[in-house]
Amino acid sequence: MALQVQVEKFELYDVDPSTTLLEFLRSQTPFKSVKLSCGEGGCGACVALLSKYDPVLDQVEDFTVNSCLTLLCSVNGCSITTAEGVGNSKDGFHPIQKRFAGFHASQCGFCTPGMCVSLYSALVNADKTNRPEPRRGFSKLTVSEAEKSIAGNLCRCTGYRPIADACKSFAADVDMEDLGLNSFWKKGESDEVRLSRLPSYNHNNASSNFPEFLKKELKAGANLASKGYHWYSPVSLEQLQSLLQGGEENDETSMKIVVGNTGTGYYKELVVYERYIDLKYVPELSTIRKDQTGIEIGAAVTISKAIKALKEENDYDPHRGSVGGNLIMAQRKQFPSDMATILLSVGTLVNIMTGQKHEELTLEDFLGMPPLHPKSVLLSIKIPCWVSRKKDVSSETDTKLLFETYRAAPRPLGNTLSYLNAAFLAEVSACSDSTGVVLNNCWLAFGAYGTKHAIRARKVEEFLAGKTLSVSVLYEAIKILETIIVPEDGTSSPAYRSSLAIGFLFEFLSPLVDTPPEISNGWLNGCNSTEWLMGSKFKQNYDQFGETKPPTLLLSAKQVIHSSKEYHPVGEPIQKTGATIQASGEAVYVDDIPSPSNCLHGAFIYSTEPLARVKGIKFKSGSLPNGVTGIISVKDIPGKNVGCVTGLGEEPLYADEVAQCAGDRIAFVVADTQKHADLAANLAVVDYDKENLEPPILSVEEAVERCSFLEVPPFLYPEQVGNFSEGMAEADHQILSAELKLGSQYYFYMETQTALAVPDEDNCIVVYSSTQSPEYTHDTIAKCLGLPGHNVRLITRRVGGGFGGKALKSIPVATACAVAAYKLQRPVRMYLNRKTDMIMAGGRHPMKITYSVGFKSNGKITALKLDILIDAGIYPDVSAIMPEHMVGTLRKYDWGALSFDIKLCKTNLPSRSAMRAPGEIQASFITEAIIEHVASTLSLDVDSVRTINLHTYNSLGLFYKNNAGEPLEYTLPSIWDKLATSSSFYHRTEMIKQFNRTHKWRKRGISRVPTVHEVGMRPTPGKVSILKDGTIVVEVGGVELGQGLWTKVKQMTAYGLSLVQCGGTEELVERVRVIQADTLSLIQGGMTAGSTTSEASCEAVRLCCNVLVERLTALKERLLEQMKSIDWETLILQVEINLLTGETTTLRTDIIYDCGQSLNPAVDLGQIEGAYVQGIGFFMLEEYPTNSDGLVTANGTWSYKIPTVDTIPKQFNVEILNSGHHQNPSGEPPLTLAVSVHCATMAAIKEARKQLISWSGKKEPDIALQLEVPATMPVVKELCGLDTIQKFLQWTIVNTIGTK
Ligand SMILES: Cc1cc2nc3c(=O)[nH]c(=O)nc-3n(C[C@H](O)[C@H](O)[C@H](O)COP(=O)(O)OP(=O)(O)OC[C@H]3O[C@@H](n4cnc5c(N)ncnc54)[C@H](O)[C@@H]3O)c2cc1C
Ligand code: FES
Ligand code: FES
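Computed from a prediction, not measured in an experiment: that's the story for all the values here.

### A short note on the overall build of the protein chain
- Secondary structure assignment for the protein chain yields 42 helices and 45 strands.
- Split into buried and exposed, the 1300 residues of the protein chain put 63% on the buried side.
- Relative to all contacts within the protein chain whose residues are 6 or more apart in sequence, the contacts with residues 24 or more apart total 76%.
- When the accessible area of the protein chain is evaluated, it comes to approximately 47,100 Å², of which 51% is carbon and sulfur surface.

Following this line, the structure appears as structure tokens:
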């Protein structure tokens, strides 16, 4: 086969047809910009542009593919462009890459190449259209298309806003005012100047490069063969038939029909088939035919093309998935397809071929029949033509066709399965006396709710047919529907799913129902006339549901920074170092380091049982699987069995006889490729024995019962504040022993854990690791190998996202590679697949909190006592820091007296580790939940209770002792007031009240929360060397994780050395190179965590420069004074909830953040926004569940939902204050502010419940209402009332009768 990558031609003779495009690019070409992150089509890190020549049309089609799913053989004859091909350091960067860098849209950079290619593809395609010529410097892309181009790409660092800005900067219809902070222009410059400063773009040059040689070589239907494997591309139905008839096999494992192969993204495939048959070249399967009877769509046509042909806009673009593939997955494997539901509602027919036999069935029959035979092929589907028509010849009234689709899913866009989907088609006409609407006929399809396949609600259809719609008819229909939509046993949130069906049917039909205005308050009265049916579109009276709903993506954003010239270039918002090479994919991550010759690959075999003796490991096949060299386990460890050693404790590398938890490492299988190692680990069967072992401890309650705790060293246990009993005695009211619970969260760094170990001469070893803690990794490896420290060298250049997950959890990964490499004396590397990574990660600490609080009638709290049980998992990790971190944040309000008992429970679950803002985010939630509880007990406004409990400078001293700083430094009260004015908090509160009065099905809430963060500095080393040519090399203890450490260090070096420099400091910044962490070059680098490494590293560099310059003594003293302090931020947040689905939309966020003396406000802004969005994930989206054995069950992008560009605040305003009092970190505290989304959601839910209670005729107040974390759609909907529609209709019926 032949293909081109960038401009390089590749001819391949021996291709294993199960090879993906990603595997090929990463292992057989120098182009590493396609990154593996999820391997299931869910993150976009692997996106490449595919250009395909169509000889019939003489046209080149350009589209993106997820290279992790695309099979290499299927791109025979295609040209591939990856980020390096878009632009690079040698040939020049593309304006996309330069703008990504200049808009500060790349932090760790792991997602950036994929983002750039997604945007590139959108530009190429938009600029090919015959839309009007755009303004000079812009493309034909629209703002909305620009934003959507990256909707399938995940980024865990930036919070998406800067990425959206970089994309929008190309859009023809962009308002330059809407583009956020960047390094191109300054505030106040004219649009013309701004445009001239943007890296220029010429839309006429936008094209992919399709080579002539491929056009000539292109042979449709080329068959490929390799080592007993075959890839066939039949070009006619006859060829297809004969291929299907050939071969004896009837089972599903020896032959596979493929089109886009995207199905493997969901159903992971662990087999290599003998024969692959690609359907794309069979004309009958690839064409769309329209005639008067309907539209016939070939099964191999992509869903995007089918949607285009049906002239419908749709957000869902599964990157080249075909219509047939989707329906086959729904039919054979019960895939909860959206497609099947939509097609079912419009009476679709399917055309099947089995052998020579062709058969036409209704989709309904097709879905309901037993799984299609593996040798049967779905040829095409046919959607009959539907047109509005005359009801009858004598009638004045036409009938109208109404068609709507609905879907409730954890996220609006991207790969997310629906909780329920629905599609409704109805034929309606006005009543002859013009008093209502008659529903002549309807087709109501529902799917994905925990049913084998999509179904038609026939009983409801029959009931409604011919009826004039009224509230009672609607109510009856809904009662029937309740009996139909019943999810199968074992489906999650069954009641929620049923309630969605009702909500959607109500949303579809209610605008057609007429009710007296005095009941409906102007609603439900929009469609009682023939006029309506004749002239207007269906959703005319639709504001209640979402006609004026906020758009899916970002609306606007404002960033205010106050940069300072005092320590120039420190404090300047300069572009992040290395951002352009990150965007072009040339930045080297551990897995991008070319494999040394003879390199082996490893994969962990982990326990699936908690507390079980491991008797042995076998493989399903009986012998060693393909490519496997051996298995390494505890007996191969030459030194001590340690997988992680820190000052706080140790954990073993491999289970020694007994596996302690599900996810515990048992062994390490070594093979010739990563794929073989992963397949082998998956085939391993572990023989367990639980005899004479205690049952495992799987909850904090059991841990307490069995006194199973981890120790907290006294120096890490914080002090109580004041006297709790006295505080309680002062209180007018008390809440006693209320409970809260919090779950875990997974890091979801885009680059999973990875390491490469290379044995060196003289018993030494070099290990490349993606770690936040090179020093501890070094020490652990030395101890485990039984080597002196100087024989080990640990190198970390950059990390593709850490968030605490690579602080300690990376250490066993590097150590396992080192042990294997040392034993086998061959290089060994490992790149954990996402599933294994998620199972072993442990994540954030779950906890159970019991609190008692006393307070005055005005809301002033006088005493708080907390009993906190933290689930720390099995090993100590860094859990001992939790009490101090939690109490640091708990002290953010003046509680009068604060008493606590915090226990670290040792359970048989993977050890929990620090995750960004460890303990602080949980404490932030606890404090706000208590404030809310107090407010609702007293029926007071929550904001007033927050305000009255803010610290005064005196109480601050009591709670924070010496760290309280000087009175002038306490900026929180002024920020609190500033936020209220700048974001019109009170005015917006009033507007929200007004909105809630007039909207039944959408409610809004607003909240304002403060956060206070105690900053602790750790010493870290630095080394500055000036080379002969005047260039400067800097080493620091910290690691570049995307947080901008290198950029800040460069700025500080330039500042520190500016006094010995003749040229400008900008030039000096360019002369500085910060190099990778190397534990033999700079020892005692410690751990890059806790948000302060940049500050500490900068201080170390400054001191080095001091030595070189010997002049900056005065500044040194000044900075030294500022080493420990507290900082403040506040935030206002406004959300909207949809009462029918439980969906929450964050409408607006306003953050004011006192950064003290920011080293680089642009970098800090990125940290603030990114952390905040990660916090939204924790509070609203991310569920990290386990089964009853404690084995993590959310193990990929399909089940674990981090925020995407469509879930961030629609208006996102951040102001960074440069109060200059101290240097404050920006990496973690903003995360805690995201609690406000939760608080505002709670406020909106309360509004919904008030309404529900009024419909139910009850008067009970909602004091003990609790909103779980994460507040997912089912959780929100449940609190809003699962039966809210029924209650409303009952109430309406009663009141309608009353008014009559
Ligand atoms: C990131 C992502 C997001 C997605 N989002 C959604 C979504 O929101 N809603 C939704 O409904 N779906 C979604 N999907 C599913 C997607 O629609 C299907 O994966 C896709 O349509 C399958 O088509 P394919 O050509 O890739 O099939 P393949 O993966 O090539 O094939 C799938 C299966 O069907 C068989 N097959 C394919 N064509 C035929 C045929 N004509 N006759 C007989 N057997 C055949 C194959 O042998 C295989 O078993 C998503 C998928 C991904 C990867
Ligand atoms: S989409 Fe391919 S790696 Fe995630
Ligand atoms: S910059 Fe996007 S994942 Fe790190």
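### What to know about the environment of Leu244
- Here Leu244 is to be found in helix H9 (residues 237-245).
- Assessed through its relative accessible area of 5%, Leu244 is described here as buried.

### Re empty space enclosed by the protein
- For the coordinates displayed, the defined rule picks out nine cavities of 30 Å³ or more.
- If you add up the space inside the largest cavity, you get close to 170 Å³.
- Looking at the largest cavity, it is lined by 19 residues, and the ones nearest its centre are Glu651, Gly663, Arg665, Lys809 and Met840.
- Classifying every residue of the lining of the largest cavity gives 11 nonpolar, three polar and five charged.

### Remarks on the pairing of strand E11 (residues 294-298)
- In terms of burial, E11 is largely enclosed, as four of its five residues are buried.
- What sits between the antiparallel neighbours strand E10 (residues 288-291) and E11 is a turn of two residues.
- One ladder, built from five bridges, connects E11 with strand E14 (residues 377-384); its direction is antiparallel. If you follow Ile295 over to E14, its bridge partner there is Ile383.

### Points about the UniProt feature "binding site: [2Fe-2S] cluster 1" (unreviewed entry) in the protein chain
- Listed under "binding site: [2Fe-2S] cluster 1" (unreviewed entry) in the UniProt record, and renumbered for this structure, are Cys38, Cys43, Cys46 and Cys68. Judged by maximum C-alpha separation, these annotated positions cover 31 residues in sequence but sit close together in space, the widest gap being only 10.2 Å.
- Within the element layout of this structure, Cys43 appears in the loop between helix H1 (21-28) and strand E3 (47-54).
- Overall, the relative accessible area of 3% leaves Cys43 in the buried class.

### Overview of the sheet that holds strand E42 (residues 1077-1078)
- If you walk across this open sheet you meet the eight strands as E23-E27-E21-E34-E31-E32-E33-E42, and the pairing is mixed. The two strands at the open ends of the sheet, each matched to only one other strand, are strand E23 (628-632) and E42.
- In the sheet, strand E31 (residues 754-760) pairs with strand E32 (residues 764-769) via six bridges, with the strands oriented antiparallel. Its bridge partner being in E32, Ala757 is matched across the sheet by Val767.
- This element, helix H25 (residues 774-785), spans E32, strand E33 (792-796) and E42 of the sheet and lies at about 150 degrees to E33.
- In the packing of helix H26 (residues 811-824) onto the sheet, the strands contacted are strand E21 (600-606), E23, strand E27 (665-671), E31, E32 and strand E34 (828-831), and the crossing angle to E31 comes to about 30 degrees.

### Comments concerning a negative patch on the surface
- Residues Asp175, Asp178, Asp191 and Glu192 make up a contiguous surface patch of negative charge.
- The residue Asp178 is located in the loop between helix H6 (161-168) and helix H7 (191-197) in this model.

### Comments concerning the packing of helix H3 (residues 95-102) against helix H4 (residues 112-128)
- At a minimum axis separation of 10 Å, H3 and H4 run at an interaxial angle of 130 degrees. Classed by the angle they form, the pair H3 and H4 counts as oblique. The crossing of H3 and H4 is right-handed. Every residue of H4 that contacts H3 at Ile96, Gln97 and Phe100 is listed here: Thr112, Met115, Cys116, Leu119, Tyr120 and Leu123.
- Among the residues forming the contact of H3 with H4, the class breakdown is seven nonpolar, two polar and no charged.

Cut-off values and rules
- Residues numbered from 1 in each chain as written.
- Chains lettered and ligands numbered in written order.
- Predicted model: local features only at pLDDT ≥ 70, side-chain atom pairs only at ≥ 80, totals over all residues.
- Heavy atoms only, no water.
- Helix = DSSP H or I, 4+ residues; strand = E, 2+ residues; numbered from the N terminus.
- Buried < 20%, exposed > 50% of the residue type's maximum accessible area, 1.4 Å probe, protein only.
- Contact = heavy atoms within 4.5 Å.
- Areas by Shrake-Rupley, 256 points an atom, 1.4 Å probe, with all protein chains shown as cover.
- 1 Å grid on protein atoms, 1.4 Å probe; cavity = no way out; pocket = protein on both sides within 12 Å on 5 of 7 lines; lining within 4 Å.
- Points joined across faces, edges and corners; volume = space filled by probe spheres on them.
- Nonpolar A, V, L, I, M, F, W, Y, C, P; charged D, E, K, R; others polar.
- Pairing = 2+ DSSP bridges.
- UniProt positions renumbered as here; feature names shortened; annotations may be inferred.
- Axes fitted to C-alpha atoms, helices over the stretch in contact; angles between N-to-C directions.
- Patch = residues over 30% accessible without salt bridge, like charges linked within 9 Å, V, L, I, M, F, W, Y side chains within 5 Å.
- Salt bridge = Lys/Arg side-chain N within 4 Å of Asp/Glu carboxyl O.
- Lys, Arg positive; Asp, Glu negative; His and termini not counted.
- Charge placed at Lys NZ, Arg CZ, Asp CG, Glu CD.
- Parallel < 35°, antiparallel > 145°, perpendicular 65-115°, else oblique.
- Left-handed = near helix turned anticlockwise from the far one by under 90°.

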